[in-house]
Amino acid sequence: MGMLKIIEWKDDSRDTIVNRIDLKKDYITRGSKVTVREGQACVFCHKGKMADVFLPGMYTLGTNNVPLLTKLMSWKYGFESPFKSDVYFVNTTQFTGEKWGTKNPIIIRDADYGAVRIRAFGTYSFKVDDPYVFLTEISGSVSSFRMSEITEYLRSMVVTRISDIIGESKVPVLDMAGNLVEFGEAVEQQLDKTFKEIGLTITKFNFENFSLPEALEKALDESTSLGILGKNMNVYTQKAQADALVNASKNTGAAGGIMGAGIGMGMGVGMGNMFMNMASGNQAQNGATKSSASVCGKCGAAIPQGTKFCPECGAPAGRACPKCGATVKASGAKFCPECGASLAAAKCPKCGATVRVGTKFCPECGEKIK
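Conventions used here
Residues numbered from 1 in each chain as written. Predicted model: local features only at pLDDT ≥ 70, side-chain atom pairs only at ≥ 80, totals over all residues. Heavy atoms only, no water. Helix = DSSP H or I, 4+ residues; strand = E, 2+ residues; numbered from the N terminus. Expected span 1.5 Å × (residues − 1). Buried < 20%, exposed > 50% of the residue type's maximum accessible area, 1.4 Å probe, protein only. Contact = heavy atoms within 4.5 Å. Pairing = 2+ DSSP bridges. Axes fitted to C-alpha atoms, helices over the stretch in contact; angles between N-to-C directions.

A. Structural detail: helix α3 (residues 151–169). Spanning 19 residues, α3 covers 27 Å between terminal C-alpha atoms, matching the ideal 27 Å at 1.5 Å per step. Along α3, the positions that sit buried rather than exposed are T151, L154, R155, M157, V158, V159, I162, I165 and I166. Taken together, the buried residues of α3 touch β8 (95–101), β9 (106–110), β10 (114–128), α4 (180–196) and β12 (200–211). Within two residues after α3, K170 carries a phi angle of roughly 60 degrees, on the positive side.

B. Fine view of the sheet that holds strand β4 (residues 40–46). As summarised here, the arrangement of the 5 strands in space is β5-β4-β7-β2-β11, forming an open sheet in which the pairing is antiparallel. Strand pairing shows two members of the sheet lacking a second neighbour, β5 (49–54) and β11 (144–146), which therefore form its edges. Each adjacent strand pair in this sheet contributes to an overall mean axis angle of 20 degrees, direction not counted. In this sheet, β11 lies alongside strand β2 (residues 16–20) in antiparallel orientation, the contact comprising 3 bridges. Considered in β11, the bridge of V18 is made with F145. Helix-sheet contacts for helix α2 (residues 131–139) involve β2, β4, β5, β7 (86–91) and β11, and the interaxial angle to β5 is about 150 degrees.

C. Spotlight on unusual backbone geometry. The backbone phi angle of K170 is positive, close to 60 degrees, even though this residue is not glycine. Counting through the fold element by element, K170 comes out in the loop between α3 and α4. Assessed through its relative accessible area of 67%, K170 is described here as exposed.

Next comes the structure, spelled out in structure tokens:
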């Protein structure tokens, strides 16, 4: 049996939370040194009951700094040496990058899509805040307590809080990506209260992503595509036809030829319809222009529709009968309503050019028209 003069923990493993010093062959004596490094805490225990806690620093054991242990061991006259006790070192550094995720989807009621199943993923960080409480509530008297032994327990606590907060938030599923920080802060605040009950504290909580059902994601993608293409559907259709024609032309088989011919005919018909519509529009426009004005029977000037007198010579609107001189107001009349003379255009007796009714001189040779 030996006398343990220096009590310390040098293990630098990142996954160990609690480690008990092996004292099977050693005793602790008055004057023994306890070295507690930064990121550690040391707890003395007697017969399963937690006693004195030492924070980072170097201590010389005596009656003054182990009062609880002195009481538990019933030392009537102060520190007795040597003695045996369980000594635990607790890792108080942060455990970072712990992943969490919802194994089962969270069902929420969305105003736009009704009942929606979503999943959430992220990370969190924590550390031991109260070594005494943690040893009492969680690790107990085990010789070594590792991170893997508490991971699932902590993850279940995390997911429970997340499900509760998301369900009560009433945030639409399409706006959740814009509230990741707010969700993280809300979960961290509520979860920290639960963690403190077992001697832990949450140092950081992050939401990385929300995942929607595949069917809903597909519907959203299609809706977005239709919204983009809606303003340029004609251009998209023409491009799709052109791409299909190019692809069909690359296929030298019979099916490719038939398909190419069919697409070509379809495009030809489409282009023909386009030109016909353009021509019809032009004809309609020209007809409207012509029908909107008449010709003065006296001077030949154009008279806008609805005008009663020629804006050039002041003659009454309408054509003049070449025989009796009566004004013919109907623009499509072929005979004079007064004398029955033909209103057809005359010909110049000298050069044979067509002369508008009412014109006194030929516009080609200047011959006087009778």
